[in-house]
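# Report on the structure
Listed here are the chains, written in short residue letters.
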Amino acid sequence: VVVGMSFALYKRLLPPTAVDHAVTASVTSAKALELVVARGSVLSLYAVRTSLHAEDDKLSRIARLDLLAEYELSGIVQSLAVVKLPQAKADSIIVSFAEAKVAVVDWDPFSFSLKTVSLHFYENEPNLKSGRTQFLVPQTIKVDYDNRCAVVLLYDRHLAVIPFISDSQNADNASTTVAKPASSYLIDLQKLGILNIKDFTFINGYYEPTLMFLFEPDRTWAGRYVKKKNTCSAAIISLHVLLKSHTTIWKLEKLPHDCHTIVPLSPPAGGALVLSFNEVHYLNQSSSQYRLSLNHFGDLAQAADGGSHTRERTRTPVCFEATRYTFLDDDTLLVSTYNGDLYALTIVTDGRTVTHIDLQKAGSASMASCMTTVNHDLLFLGSRQGDSYLIRFAIKSQTVESSDPNTSASAASQADVPKDFIDPEDFDNEVADLVDVILHSKKARLLSNERAQFPKWALQVCDVLPSLAAVSSVTLERSLDTLDVEAENATRTESKFLELVCASGRGKSGSLSVVQQAIRPSVVTSLELPGCQAVWSVFHSTTNSSSSSSSSAMAVDGAAAQDENSFQKYLIISRANSTMVLETGEAIAEVTNDAEFRVDAATLDVANMFGKTRYVQVHEGGFYLVDGLRPAQIESLPDGVRVVWSSICDPYLMTILSDDTIQLFVASAETGRLKQLHVALDVSSNPISTCCVFQDTSSVLPFNRKQRSAAEEATTDSTAAAGAASNDAMLVDDEEDKLMALDPEEIQLYNISSRKTKKRTRSAEAQHETAHNVADEAFVPAEHIERPFYAAIARSNGSLEIYELPSFKLVWHCTKGLCDGSSTLVCESDLVANASISKYTKMPVEIAFAPLGSSHLPATLIVLYDTGELALFRSFAVPNAPHGALPLGLRRIHSEVLCHNLRKPGGGIAEAIAAAQAAALKAQQQAARAANGVTEDGVDADDGAGDQDDDEDEEMEAVAEGVETRVILPHRSRWSQHRITSFSNVQGRSGVFICGVRPVWLYCERDHVRTFLMDLDGPVQAFTPFNNVNCQDGFIYYASSSAKLKISQQKPGWSFELPLPILRVPLRATPVNVAYDPENETLVALLSHTVKDMTRWIRPAADDKKDKDREEELREKGIDPASIQYRESDVSPRMPPLFDEKFEIRLINTADWQTTDSYELMPEEVGTVSRLFLKTSESDYAEVKQYPFIVLVTSTIRGEDASCKGRICVFEINKESSAGSAPVSKLNLLLNKEQKGPVSACTAVDGTLSVAVGQKIYFWQLKNKRDLDMVGFHDTQFLVTNMVGVKKFLIVTDIYDSIFFMRWRDRVRTCDHLGKDSDHMGATAAGFMIDHEKMSMLIADGKNNINMYVYDPKNLATQKGQKLLCLGNFHMGVYTAQFVRVKLNRLNFPALGNQFAKYGCLSGASDGSVNLFAPINADKFKRLGKLEIRLVSTLPHFCGLNPKAFRLWKPRWHYTHNHQRRFIDGNLLWKFAELDRATQESLASFTGVSVEELLDDMMELELSTRLF
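These notes cover the structure that comes with them. Treat the numbers as computed from the prediction; the structure is a model and nothing was measured.

### So, the nonpolar core
For soluble globular proteins, nonpolar side chains are generally found buried alongside one another. Formed by 31 residues in total, the largest nonpolar core has its most connected members in Leu512, Phe993, Trp1001, Tyr1003, Phe1023 and Trp1153. Excluding anything up to four places from it in sequence, phenylalanine 993 contacts Arg979, Ile980, Thr981, Phe983, Pro999, Val1000, Trp1001, Met1014, Val1020 and Phe1023. Core analysis: the next-biggest nonpolar cluster, separate from the first, contains 27 residues, Leu902, Leu1435, Trp1470 and Met1499 among them.

### Focus: the packing of aromatic side chains
For the structure on display, the rule yields 41 aromatic pairs. Plain terms: the ring middles of tyrosine 71 and phenylalanine 1438 are 5.2 Å apart, the flat faces sit at 15° to each other, and that makes the pair stacked. Of this pair, tyrosine 71 sits in strand S5 (residues 58–72) while phenylalanine 1438 sits in the loop between helix H14 (1418–1434) and helix H15 (1443–1446), and the two are 1367 residues apart along the sequence. A relative accessible area of 18% means that phenylalanine 1438 is categorised as buried. When the ring of tyrosine 1003 is compared with that of phenylalanine 1012, the centres are 6.3 Å apart and the planes differ by 55°; the resulting orientation is tilted.

### Section: unusual backbone geometry
Cis peptide bonds are those with omega within 30 degrees of zero, and the linkage from aspartate 650 to proline 651 qualifies with 15°. Mapped onto the elements of the fold, proline 651 is located in the loop between strand S43 (643–649) and strand S44 (652–657). Looking along the chain, the bond that leaves leucine 805 and enters proline 806 is cis, with omega of 5°. If you trace the backbone, proline 806 turns up in the loop between strand S51 (800–805) and strand S52 (809–814). One non-glycine residue, tyrosine 155, lies in positive phi territory at about 55°. Its location among the elements puts tyrosine 155 in the loop between strand S11 (149–154) and strand S12 (158–163). Residue classification places tyrosine 155 among the buried residues on the basis of a relative accessible area of 3%.

### Quick notes on the packing of helix H17 (residues 1477–1487) against helix H18 (residues 1491–1504)
At a closest axis distance of 9 Å, the pairing of H17 and H18 adopts a crossing angle of 85°. With respect to H18, the element H17 is oriented roughly perpendicular. On H18, the residues that touch Arg1477, Gln1480, Glu1481, Ala1484 and Thr1487 of H17 are Val1491, Glu1492 and Leu1494. Here the residues of the contact of H17 with H18 are counted per class, giving three nonpolar, two polar and three charged.

Analysis parameters
Residues numbered from 1 in each chain as written. Predicted model: local features only at pLDDT ≥ 70, side-chain atom pairs only at ≥ 80, totals over all residues. Heavy atoms only, no water. Core = buried A, V, L, I, M, F, W, Y, C linked by side-chain atoms within 4.5 Å. Buried < 20%, exposed > 50% of the residue type's maximum accessible area, 1.4 Å probe, protein only. Contact = heavy atoms within 4.5 Å. Phe/Tyr/Trp six-rings, centres within 6.5 Å; stacked < 30°, edge-to-face > 60°. Helix = DSSP H or I, 4+ residues; strand = E, 2+ residues; numbered from the N terminus. Axes fitted to C-alpha atoms, helices over the stretch in contact; angles between N-to-C directions. Parallel < 35°, antiparallel > 145°, perpendicular 65-115°, else oblique. Nonpolar A, V, L, I, M, F, W, Y, C, P; charged D, E, K, R; others polar.

Written out as structure tokens, the structure reads:
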């Protein structure tokens, strides 16, 4: 008997990556150029930035996308549009959601986020659905060209009109208030005779807002095409917005049935193009029509249709299927087709109508889901099937001879057409010169027999947004670069050594995406070093690297000296009671005995001073300023006073002493020493918790460039020359050329006045480009501008103060918000440090202002609390700041990593295991101290650090137990090591590393902060960047669990743009499904290639009876049927291209991701591949065991008149080696068994192969690895689409008849039918979820719901088990094709066996997301479920979307059971950790537990779901 559990957690591990919609807008300001991108339930706002890049003495303009903001929505975006409301300075965004919701949002500069302006809800309107549940067109939004109104299509038959003007605004245009959308009204399109709408849009050339509809009132299909064709119609409707009325002004019927898209044209021609599969039609109310045939079928349609229309045809046949389009200019259209090909359509007019359309191929990319023009030379192509691209387009003129008036003049040879810009093999390296304006007059000419010139378009990729979509299959594999770590951590969970492999993309964009939940570095070497507490790498050069040398010898060796100065010279390692010094180079040697600074005590902090010539060592008794290994300055403290904290930022050194006083030193260039500055700070009533000194590098902003001639460029410096050579440049005077012109935000922040600039005359496009896209890379060098230094101090009550250096004047302070979790920190009105002590629940133990991202971005405040939490704040300028204060605000930003210290687990096995681990680590630590001359009780004769060692023992015990204690009390009694380390070049990236129990990397990709864990080695005690000849751009970290110092590098090829690290392995084919074989460390992938096959046009259709008669007829004529060949030359050149899919199996070595073997399937054969454990024996007398095999099942489908066949292929992977080469994996085909029907699915149950053939399930036993013996079968009465087995249980799914639950009894060779779901649910994926001895089934259906079923014969509602009981439903919103069972981490019982294991279900979705469903117990569900309910009503609903309504079950029709709440939404739940303390306590009071208990529950779930 299998009884199911009741509760599960849903957690999205990776957000959607497929781009569904994209529009260009100016959201944040009128001068901004931004891109709004919708990915499923995520709305992203990107800034489009351009800059000049010098390469090979040439200047080129590059463009990139920077992520400004990202919002998680409680709904799937159906459509996206942009409107500029009356009197508004910036654009607003209109978003529609299912089923009939519309929201208008715009930018709020004070909260730096989008806010909802208006909401429109139509789901409660009567008679809109008319009893229907299926709809053809989603909720599409269109906006009038003059921003007078917007329309939304609702339920296929109604149109909602949202006016943006009112009567008062129309009468008085002088109103300065920003208008909001007025009340909307509905139009019943069915009354106008408009049914089955295919597309609609606003068109130009009319006084009132005018819509054009493309619809099919009487639908047809392929089987009725002979009797019913030309069924589409077009209609134009004029809207009277103020009167809320409409008028039909024009209608046209008998358009081809395959018309699908309307393309509005701008005046003077006006009208619109209608795209169909085979033709392009031009429609206009006042002029005759124009038709362009695209292929042979378009030619037939033109020949059959009479009339006086202008007819032309293209010379190259194409098919406009699944098209997306955008305008390159007023008369040029770029169209994307179903296979990713891009075509440029140049439209020629005579001022009244279209006279010719020129078509040429411009490139190839992923299949487009959306296209939008960004500016005059940039466009964005979004895709659901691969990566999305920011593309630069340019033209070059091309002369084409036109000899036939009925033939397109653009039919050049394929050799003259620009190649694919994605394919490196076909990439056209010659990109046309950039142009500002394409003259309209050169296209406004008639074509006859004269020579005509049309532009040839070239495309170049500027930026790529990576995507995993669409994920068709996932599997877990063993990470090979963690074998040494696994040996060190044998007691740790195996999930840290796995990685997720997703089969993603389609066609040329197909790839394997390797995903990890944490960063796993590549270890170059490691050494055992017990007792290490901190490590630093410092530079040392004889001269300052910033100063220039006039010596000729230095000029000759300049490059070598520069490389040498980029390498660190020394490694300084702090231990419990000593300091070790290592000199780095070709080899690392210890030079501790040669060091003349403090090495007989622990070191607190080390950093370079005076550039790279010296460094300072801070210890408890003072500091040493060191030149090489010799001290240049020694400062000591009086007896009884110790240094407890320090912060170094060249040229400043700040220390906190044990008597709560502060010392501040500054480097003096004249004396070469550190000079102490006077600091007056009251710490009597409010002690200082921590401090940091930082330099504001955000003052480096874009400066004005100057247009110079070639002679002037030769005489000016490289910085000024790099910013010249641009048509849209600014003129500046000579004085201004030396300094930068600050932007308004910088002026407000530092009260600096900018100089006036004057712009030269330029074209309209160039003016728009300059105003919207200022180069981000051409900055004034660091040595040309003086940047301010500040000191930030955090007190024990949570107040934050910022002082200006060197005057130490208070310029900013905030007494509230740092410790209560506030989202925004602003300066208070009075600049007086508040000494009162407020109540706090957590205290900052370390703060740091770090420059993350591009240099134009403000600094990021990083705060670590004693509770283990991490908070990130991004600084911004605020208006109306107090007099004399910095107009600075701090806004909390989202962190993907949940950090919280678990409280000490108590009781039973968990406590015993934790105590054993703590004892082992404590013994190791005592051995290390004994080796350093420390007595057994931890007391050293020199410095008496016994108390300190006791505290260290407590910390080591906490680390062993997975708990981090508070290391700093409200009154600091001893020093602690820094955990925050900034770096400028680790594998070419800058960022921050945070040590601790959960080590965290901070990267700023696309100017958006991303947080990544690095918990492979457990807690990390120390970290430092390290650049060496043997480890360039690497780093060093100390793993506490293994007591090893590891010199490492980031693995090349990994991307950190998404919330999880991603490695892309290009396949240039479509991956269907993947499986992993851990014994051979090989990935098995089933791929499909798209092959062009034009002979299908002339080959007869497959028909068993006709094929047999045809073969007999040929044999009677003496012709061998096998000798008949079909050639492409026999096919008409006007036929559109046809493509076939050819499948193959590839073996891929996961060490280098190279293909080692392949197996091709037969033509017209499709299949699926799996790795299964089957019972067999080596011989007749050998023992029967379970061995892993690769099983391929196929189906050959040739049409409805031909019988389907299938095969079962069983492979074994063997290692083969040739002379002088390493062994590689090869496929060994053991058997190939044909079936009389299509084999649709297979799995293994209790070592028996279960195969679905048509409506039957056969059970096969593998005999001696040579043959399959059928041992049983089962009639299902439906077509099996998927089977999933675990042990002896089996789930069988059907796309119409839901699921069946079965059991295989191997002893009696019988399959028992246990239960089924009586509802007709379209199941797409199935999986088992196991919680100890309980098991339940997860089923994904066609409406994107997740359903939980259990088999419980004791429940009366199940009719003695015949009916499966549905316990819960959850709407995920995306299509799921596969579940993978994955073992969860065991936190409280790590030493127990698999009998207490928990298994969840991992899935990849069609939108490129990765999702997890994990079992949770009833107690956690009760607490967290109450919290989830309160979060729904507490958190603001962005776009008016309710999270609870989004996750409600959405069935296809009425089922026999009601919705059951058994799932917890982890995406919503995790937002609790980022709320302020008052809100958290209010929510916790409703659940009946404390905030800490809720955070503990969330942290346990977070740790248990660290799967790969």
